[in-house]
4 protein chains.
Amino acid sequence: MSGCPFLGRKYPLFTSKPSQAEEEDESQKGINKATKGGIVYGEYLQLDKVLNAQVLQSQEKGNKIHDEHLFIVTHQAYELWFKQILWELDSVRHLFIKKHVRDERNMLKVVSRIHRITMIFKLLVEQFVVLETMTALDFFEFREYLSSASGFQSLQFRLLEAKIGVADHLRVPYNRQHYKDNFHGQESETLLSTEQEPTLLQLVEQWLERTPGLEKDGFNFWGKLQANIEEGLKMEKHKLEQMEDSEVKQDLLADLNKQIEIFTALFDPKRHEHLLSKGERRLSYKALQGALMINFYREEPRFQVPFQLLTALMEIDMLMTKWRYNHVCMVHRMIGSKAGTGGSSGYHYLRSTVSDRYKVFVDLFNLATFLVPHAWMPKLNPNVHKFPYMAECYDSSYNSYSSEDSD
Amino acid sequence: MSGCPFLGRKYPLFTSKPSQAEEEDESQKGINKATKGGIVYGEYLQLDKVLNAQVLQSQEKGNKIHDEHLFIVTHQAYELWFKQILWELDSVRHLFIKKHVRDERNMLKVVSRIHRITMIFKLLVEQFVVLETMTALDFFEFREYLSSASGFQSLQFRLLEAKIGVADHLRVPYNRQHYKDNFHGQESETLLSTEQEPTLLQLVEQWLERTPGLEKDGFNFWGKLQANIEEGLKMEKHKLEQMEDSEVKQDLLADLNKQIEIFTALFDPKRHEHLLSKGERRLSYKALQGALMINFYREEPRFQVPFQLLTALMEIDMLMTKWRYNHVCMVHRMIGSKAGTGGSSGYHYLRSTVSDRYKVFVDLFNLATFLVPHAWMPKLNPNVHKFPYMAECYDSSYNSYSSEDSD
Amino acid sequence: MSGCPFLGRKYPLFTSKPSQAEEEDESQKGINKATKGGIVYGEYLQLDKVLNAQVLQSQEKGNKIHDEHLFIVTHQAYELWFKQILWELDSVRHLFIKKHVRDERNMLKVVSRIHRITMIFKLLVEQFVVLETMTALDFFEFREYLSSASGFQSLQFRLLEAKIGVADHLRVPYNRQHYKDNFHGQESETLLSTEQEPTLLQLVEQWLERTPGLEKDGFNFWGKLQANIEEGLKMEKHKLEQMEDSEVKQDLLADLNKQIEIFTALFDPKRHEHLLSKGERRLSYKALQGALMINFYREEPRFQVPFQLLTALMEIDMLMTKWRYNHVCMVHRMIGSKAGTGGSSGYHYLRSTVSDRYKVFVDLFNLATFLVPHAWMPKLNPNVHKFPYMAECYDSSYNSYSSEDSD
Amino acid sequence: MSGCPFLGRKYPLFTSKPSQAEEEDESQKGINKATKGGIVYGEYLQLDKVLNAQVLQSQEKGNKIHDEHLFIVTHQAYELWFKQILWELDSVRHLFIKKHVRDERNMLKVVSRIHRITMIFKLLVEQFVVLETMTALDFFEFREYLSSASGFQSLQFRLLEAKIGVADHLRVPYNRQHYKDNFHGQESETLLSTEQEPTLLQLVEQWLERTPGLEKDGFNFWGKLQANIEEGLKMEKHKLEQMEDSEVKQDLLADLNKQIEIFTALFDPKRHEHLLSKGERRLSYKALQGALMINFYREEPRFQVPFQLLTALMEIDMLMTKWRYNHVCMVHRMIGSKAGTGGSSGYHYLRSTVSDRYKVFVDLFNLATFLVPHAWMPKLNPNVHKFPYMAECYDSSYNSYSSEDSD
């Protein structure tokens, strides 16, 4: 916010938690500071580090190539934003892990932060246009100096994938090498320990499984839905069979049978297990039910923000996939399609990762397959309208807004 | 380019300038490296510096506020890109200073790099949407901890303005303070010495003054143009005076007189000096003539790329001004309009900088005022069509492509 | 969605409201249709109208200028999107007018549609880059043929401003002419009758006035807040006065007095009336209180979506203002700063409309001035936490989801 | 340009070609016009057509669904922009067909218009975010009413593909149906006759084949390049073989052999024919040589704008492919992956079109594979530096700027 006049101290005494540290702040006594006290802009942002981290390998090797600077800065900007995404992702996972989401008041935070991640990803997708101002010829001038440095070695990107929930066994291997082979020592440990933590996918799954209304001995959403749909399809079939024979009738019957097939599969838990094992579904059966319920009743006050969350999660998937695709396009332009030094080419490998196998919330996309007319949705009675708010509420131990990040 | 498989060494032996340094590269012998040799991704990008530069003041003071991280990362990303813009800007200025632009072969570089600056600025304008995911309330939570740190202290932004050519005397002071008062020690010196260097505006001005065709004893563009326009306007006036009296005639006459006034002023060098002194023009009279000439004959091969350059320079101005405006909007949202601690508010100050006073290439915009019908433009004869290519050509001392950055 | 394979009929018999019209649909029997029945793409979109509406005036006058086509298409695209914005705006106003928003279930619709408007405005801001590929010289070639056609005559843009709530008396006149003088006949009537309808601003105002918790004999938010702030400021003052004399103390005292002044004004209804009369505030005093309350308690489930709505409304303002600013920039480039045919120039006029006078939800921006530490916010007791949900609930007459657009 | 004050008549008498039509313009005598004469904004843009072309099928069938309006407007906006792209594309093809590009003065037009197409495509890619504000559930509400209308029936999109040069035989069929089966009558004829016209690809190919410097009896670029590369690779091999045995040596040798293979293939015309037949190359062998030559000598004044053109052509390909990919993503979200009514699903079909088979200028991307060190490029001697300007120059028959659109 260069030019922003109000990073400045505003209510210096209003701190609700004045700390020891602050009272003794040496910076208040400084005389060489730009202003009467406090930290200055460049120190605050540690620009001495950030702006002295651009060392051109081409220059080191005695043949400075102008465009290498762009290459470095662009990648550093990507890494900075990856760090911010991880920051948001970790805070959201924390809110889920610590069960803060059981207090509905935290849902605004969750949805806002997931939304912020999508905004950052949009920026990252757009950011390619800057790197694309470098031509293949410009890149060719210095790519020899990069030796073995490879984007595969971006620890943060791998952490990001792991924390969201990209499945290890669904990854495309590159020249028979696992991506983890790129990491060693501390980085390798970080990656391994991260893989032990619950992923965003798993946390969302658990949360969806708790969707109020799924209880078999309560509203029993799934049971009622199955009954309604079976009844509905039967009536459709009956109606169709009454039609005079015609090509149209045949088409409609074919359509209907397709529908029947789809819904029969939906209500078959074994089918779900099968799709899970193939990676075509990623959510548990109960979580899938919760997601469909939130979709159907999204206008209920209790489900409005949860519905926004599901939408934002799909957007993350879509944007990661767009990021991958933009990346592939750029690589094609920079190095052509045949440039691999051995085995399959990098371009073709990257193309293969632009795949639904890397879509974490693929189930949310595929919900669109299971939509039904309003009339088929189980009716909420007036009590049911209200129940969600009673279901889980604020215990007396709730105290402060800033509790979010504490355990 | 996380996931980019081909940062990798491509033609390890093709280096035209194999350096001593490379042959002794210790990294070739390493065993803990991710790959058989060479620098790895994280080292290349110095991620230890870049990703460890986010220290939250709120956390230091014992009250970690989640959104401060976004605030820091966003500003660091801005500063990273400012550095890249300065890198491009310096290289372009260097090409002009070293007279490399007299070799037309360097024009592609100049226009590509100025174009790259515009692409970066577009990204920076878009980047606001990320910071805008932070609400005023989120910002309020930690702005007290920033103490006096202020965006006014962004050295790079001031360097950028200075190097492009924002005029010192046209700046709006903030609470009677000059922006330079924010800088001390080394920063202050850097700023002062930068102000001694030729600005992009001055370099472009000198280049425009050399536009082939301006020579009074040659094609004499300006003299011919003035004659044509005076003749043209006289004929228009004559034609108009023959019309029957009507409201339409009065309107047309009023329009024409306005035109006559505009062109009379254009051909009056004293008028130009006057506008220069007020800051309403920034280019010398001769440079203005060159710019208009390039506009008129932009389709001549010699002028195609120069015309693209003028267009790109206007875009820089426009984007800087959009950046300022987006910044103002964000500040309004974050702190309201009255938040100044004394004197005028920051918001109102910032608004005042979204002004044509800060447009460096304002003359290029205002050229639109001086357009005339094709018939009025001095005709190029077939020889003239060709002359530009003869005018300045490649001397025998030209040797290599990579000479650009040498002196 | 060229290439979209599934505009196609999906559940042809599932319609919950099968209409007479559909059963008799002649199109089912057609044989010349691309497919077995139903409307085809081009007919559905009425492309015969849309794609035959580009008549170049330059061509009509015998001098076809290539770029005029871009000019026409760009403006038509703007008008298409304005129509969509009006569609969304009208539906939201309808939901407010018909008191559907009293059923909280409609809040998702309201906030989604306002959000959609912001997405469209973002596109419209970006759309300028396309028109900016036209240079001033290209525009000069055909602008004479446009005669008096002027963007001031865009009825839809005026309707849009009027429906959102741009205040008539705050508008900048152009050459002493009111913008309405550009409209005649049917258009003029449409404009006049629109001005009689409740604006989005007024509807939001009424809704904010109903914010639960404002009741003086209930939670009494405003009374409690005033007491807390007065007490808080008094304690701050006391604490400050105990400090030893120093420059820092003087600064802090000055800051504090500024704060006291700001809050004294906030709690003074007469001051509010005064600002209202000057156009510096636009919301009623009670609505302002509601808006501040929603901001303070935005994490309460009841206020999460309302808070999103307030944020989206600010974004509309910001984007309209950015649209205006982008427009100004483009006009500067196209016609320079002096091109007015009489009176003030168009450029300078347009600049003057990029003003807070045109910000409809300016109060929401300025709320940032009134933020206070958490400790000063009136505490919600556990009962209060819950009250919002009890306050207004779903009556038994609620029946269907699709009731939104009925009266 | 709503609010644009200067669509207005500027130099009413300056028309170089005042036409009869204008003098008799009836509109001058109108009295109900907004202004004293001329066409008004709404008439000029034919808004009566454009803004009355939104008929909701759901409303026609008695069940108005709010979001269908967005669906229609978005598609109409796409079609409007497709029309503009076709307008630019046709003008560029015309310049090539009429050999106007032999006059280098037309290159600025060509490159500017191709650049404009890329800007429009960028907008179209961004435009998806607007349609994405519609959820699958919203779409489900009205998609039954669209019956068989399908984006496959967008004539303009097919024309666009055909005119750029998407190869008929490389298209992915959809359910064994050719895309042309969607078109009948007039539309079918338009499509067929378009396919007879030279594509942009073909025209660029012819132009590339004329690249000065390719002449075997002249500069003989290809012959010299082959000799240099063969010599260079031989020397590399020799150098490598002198190295002591090591794993590094083995890797380098493997790399080198890969290079030798690539370049051997490059200089083998039969190999080129083979790749052409498979659709992996699209340009003639000679055109490919021209493209590589322009890349190598892009800084020569003669080649600067041609190089920009090649870059812009790649961008069109990249943006079309991004458009396809964004489209696929949206379809996945709207209808899931299984929604096809028969045969393969629409989603999977669309995915298959995001393929290099649809990249028209794929050769330009793959040039990156053939880059070599500067030292290997054939040297231009001072005469050669100049030759391009002599090669084709302005004949005396050149007369006017506006000749572009005439034959």
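Residues numbered from 1 in each chain as written. Chains lettered and ligands numbered in written order. Predicted model: local features only at pLDDT ≥ 70, side-chain atom pairs only at ≥ 80, totals over all residues. Heavy atoms only, no water.

Draft legend 1. Examining the packing of aromatic side chains more closely. All names here are of chain C. Taken as a whole and judged by the stated rule, the model has 78 aromatic pairs over all chains. Between Phe82 and Phe157, the ring centres sit 5.5 Å apart and the planes meet at 45 degrees, which makes this aromatic pair tilted. Linking Phe82 in helix H5 (residues 68–97) with Phe157 in helix H8 (residues 155–164), this pair joins segments that are 75 residues apart in sequence. By relative accessible area, Phe82 is classed as buried at 0%. Judged by its relative accessible area of 4%, Phe157 is buried. (Phe/Tyr/Trp six-rings, centres within 6.5 Å; stacked < 30°, edge-to-face > 60°. Helix = DSSP H or I, 4+ residues; strand = E, 2+ residues; numbered from the N terminus. Buried < 20%, exposed > 50% of the residue type's maximum accessible area, 1.4 Å probe, protein only.)

Draft legend 2. Inspection of the relation of the copies chain D and chain A at higher detail. Superposition of chain D onto chain A requires a rotation of 180 degrees combined with a translation of 0.0 Å along the rotation axis, giving an RMSD of 0.0 Å. The relationship between the two copies is best expressed as a two-fold rotation axis. Of the residues that chain D buries at the interface, 100% are likewise interface residues in chain A, meaning the two copies contact each other through the same surface. (Least-squares fit on C-alpha atoms with pLDDT ≥ 70 in both. Contact = heavy atoms within 4.5 Å.)

Draft legend 3. Focus on the side chain of Ser154 of chain D. Residue and element names in this part refer to chain D. Looking at where Ser154 falls in the secondary structure, it is placed in the loop between helix H7 (136–143) and helix H8 (155–164). Of note is the side chain of Ser154, whose polar atom sits 2.7 Å from the side chain of Glu79. For Ser154, the side chain forms a polar contact with the main-chain nitrogen of Phe157, separated by 3.3 Å. (Polar contact = N/O pair within 3.5 Å; in protein donor to acceptor, adjacent residues only side chain to side chain.)

Draft legend 4. Geometry of the environment of Arg324 of chain C. All names here are of chain C. As for its position among the elements, Arg324 is in helix H15 (residues 301–335). In this structure Arg324 comes out as buried when scored by relative accessible area, which is 7%. Each C-alpha atom of the pair Arg324 and Arg351 lies 8.2 Å from the other, and the pair is 27 residues apart in sequence.

Draft legend 5. Examining the environment of Gln304 of chain D more closely. Of note, Gln304 of chain D is situated in helix H15 (residues 301–335). Sequence-wise, Gln304 of chain D and Ile294 of chain D are 10 residues apart; in three dimensions their C-alpha atoms are separated by 8.2 Å. Discounting chain neighbours no more than four positions away, the residues touching Gln304 of chain D are Glu104, Arg105, Met107, Leu108 and Val305 of chain B together with Arg298 and Glu299 of chain D.

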